[in-house]
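Descriptive analysis of the structure
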Amino acid sequence: MVDSPYRATVIISTNNKNNIKISGSGTLVGNKINMPSTVDGEFGHGIYVTGNNIEINDIKIKDCWGDAILIGNEITHNISSNITIQNVELFSCRRQGISVLYGKNIYIKNCLIHDIKGIEKAEAGIDLEISYNWQSIEQIIIENCTIYNCAGINSWVMYTPTENEDIYPIHNIEIKNNKIYDTTNRAINLRKTRNSIISNNRISVTDYSTIVAEGNRVTIDNNTLESIHISSEELATIVTSGDSMVVCNNTVSGYYFMRIAPNTVCIGNNIKTNYLFHLTSSTSLNSNIILKNNIITCIDFEYPFLYGDISDNIIKTSSFKIINGYCIIRYNNITLNADNKSIYLGQRSMVKDNYFILRSSTVVNVYGESNIDNNSFLNGMLQIEEDNVSICNNKFINGTDRFINVKKNVVTIFNNTFTRTSGSVERAIFIEGNNLYGIMIFMNTTASNINNLVQSNGTGNKLNIIYNRGSVTPTEDIGKFVIKQSVPLFGNTKPDTTGFNNVLISFFDKSINKPIWWTGTKWVDATGTEV
């Protein structure tokens, strides 16, 4: 075939026959080298496979004008099946190493594929491509192959499916134990794919994503993935789009860890990247992302929208910010490793059972309708930025000049412990502002070296400060309010309210068998009647 001037030649064709074996130690050589420069096109293959029960073993194919091996028929509706390709070397071809157009039960193993180039937007080591809506590609295994200096492993659907057609005609694909490096495009690029697994591969690329998966129910598991010199948000190490993706047990390095699809589960990964996820607001609105049991080292963990569950991770970052999102953040060990950076705990977040290791300059900004429960904060300060926040059962150690700074209304601070291990701090809780209301400071404990439980620089604040414990002296701060160390919750006699001019107290009066409230000037019942 070396001297053939024709651009659509095939060296060997199985011609829709069955039970064929092609093997040996020889080399099939195409006509790419001697093809005139004026000739275009992409046909001219080494082996054209149509039929069933076909094996290709132990040969080399090179210099083809089109594909080294082409599987499937675009003319008839006969699917090719039970095809095995193993121990072959495919190189220096112009279009693809292996193309699959229409087939099932195809096994590609122990192949060496490299230096595939010459047709723009092709040049893949292995390509799964569908041109018509009657075609499908299914049950493909690509195992223990080495692929380099080409575009890696691709899948494409060339037509636009209608509403009643299968939008994922490429399915049940397994890509495992391969080595892919020095690619001229994405290493693995699966489009319109479902029920597929990418596992135990070693991939290293420069300025491209290692894996792009678009589809439904794709698992990316236990791979070693390295992207070098990535500088675009479009080129994350892993890019997913579609639904129900699982990314687990991978070792990943690069600029971004993932450009992420909704309903993605990320479990057990070891991640060292500049940034974790790239999210757009449209991606995140229904994202339902689960990030669990990962080891994450990144420069910035910052997202304006992130809805999901962040649990049981070890996170080391210079900035941790989630501004908006119905987010659960629990059982994490979070270390902030840069000065003068902030943590943002977004609206409607549940932050529970975490251990925060912060810098002394760290401000933890807490937004509305959030619950901060049973965490440990080493260093730094919590600042309440919006209404309706609950801070309960936490341990605060070595805050700055205050542990909690309250700037908004309807805040509950309950059963927290404040500790200063060295030096002293003037107050544990600071009320910053005027005419704040609905602030309840209840059953908190301070240790030594903290002079006051609560202080304020404002006026007209309505506070309920009851039954707090610790080594602080009851004090009146510039006449704004009085801190009582122990006010009962119920009894037959109303509590002493001497000096409680701006303090709101609730109390169950057993003598009249109903709750009453101290307004700052008088006791009233639920109807507002003085009692």
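Scroll up a little and you will see the structure.
What comes next concerns the included structure. From a predicted model like this one, the values you see are computed outputs, not experimental measurements.

Thresholds applied
- Residues numbered from 1 in each chain as written.
- Predicted model: local features only at pLDDT ≥ 70, side-chain atom pairs only at ≥ 80, totals over all residues.
- Heavy atoms only, no water.
- Helix = DSSP H or I, 4+ residues; strand = E, 2+ residues; numbered from the N terminus.
- Buried < 20%, exposed > 50% of the residue type's maximum accessible area, 1.4 Å probe, protein only.
- Areas by Shrake-Rupley, 256 points an atom, 1.4 Å probe, with all protein chains shown as cover.
- Contact = heavy atoms within 4.5 Å.
- 1 Å grid on protein atoms, 1.4 Å probe; cavity = no way out; pocket = protein on both sides within 12 Å on 5 of 7 lines; lining within 4 Å.
- Points joined across faces, edges and corners; volume = space filled by probe spheres on them.
- Nonpolar A, V, L, I, M, F, W, Y, C, P; charged D, E, K, R; others polar.
- Salt bridge = Lys/Arg side-chain N within 4 Å of Asp/Glu carboxyl O.

Re the overall build of the protein
The secondary structure content of the protein amounts to one helix and 56 strands. Relative to its 531 residues, the protein shows a buried fraction of 52%. Total accessible area on the protein stands at roughly 21600 Å², and carbon and sulfur atoms take up 47% of it.

A word on the environment of Arg-420
Considering the arrangement of structural elements, one finds Arg-420 in the loop between strand 46 (417-419) and strand 47 (425-431). A relative accessible area of 19% places Arg-420 in the buried class. When the C-alpha positions of Arg-420 and Asn-449 are compared, they lie 5.9 Å apart, and in sequence the two are 29 residues distant. Dropping the residues within four chain positions of it, Arg-420 is found in contact with Asn-398, Gly-399, Thr-400, Ser-448, Asn-449 and Ile-450.

Focus: the layout of surface pockets
Summary: where empty space remains is shown by rolling a probe the size of a single water molecule over the atoms. Of the pockets and cavities examined, the largest pocket occupies roughly 700 Å³. In terms of lining residues, the largest pocket is bounded by 32 residues, among which Glu-42, Arg-95, Gln-96, Asp-127 and Glu-129 are the most central. Those elements that provide at least two residues to the lining of the largest pocket are strand 4 (45-49), strand 13 (126-130) and strand 16 (153-157). Split into classes, the residues belonging to the lining of the largest pocket amount to 12 nonpolar, 10 polar and 10 charged. Considered as a void within the structure, the second largest pocket measures approximately 160 Å³ in volume. As for the second largest pocket, its lining consists of 14 residues, and the residues nearest its centre are Arg-202, Ile-203, Thr-224, Leu-225 and Glu-226. Mapped by element, the contributors of at least two residues to the lining of the second largest pocket are strand 18 (179-181), strand 20 (202-206), strand 22 (224-228), strand 25 (251-259) and strand 27 (270-278). Tallied by class, residues from the lining of the second largest pocket come to five nonpolar, five polar and four charged.

Quick look at the pattern of salt bridges
Taken as a whole and judged by the stated rule, the model has 16 salt bridges. As a salt-bridge pair, Arg-330 and Asp-309 come within 2.9 Å of each other at their nearest N and O atoms. Of the two residues, Arg-330 sits in strand 33 (residues 327-330) while Asp-309 sits in strand 30 (residues 308-311), which places them 21 residues apart along the sequence. Here Lys-494 and Asp-509 are joined by a salt bridge, their closest N and O atoms 3.8 Å apart.

Observations regarding the environment of Asn-144
With respect to the helices and strands, Asn-144 occurs in the loop between strand 14 (137-143) and strand 15 (146-148). Residues Asn-144 and Leu-112, spaced 32 residues apart in sequence, show a C-alpha to C-alpha distance of 9.2 Å. Ignoring sequence-local partners within four residues, the contact set of Asn-144 consists of Asn-110, Cys-111, Lys-176, Asn-177 and Asn-178.

Digging into unusual backbone geometry
Even without being glycine, Asp-353 reaches a positive phi, approximately 60°. Tracing the sequence through the fold places Asp-353 in the loop between strand 36 (350-352) and strand 37 (355-357). Phi is positive for Asn-415, close to 60°, though the residue is something other than glycine. In this structure, Asn-415 sits in the loop between strand 45 (411-414) and strand 46.

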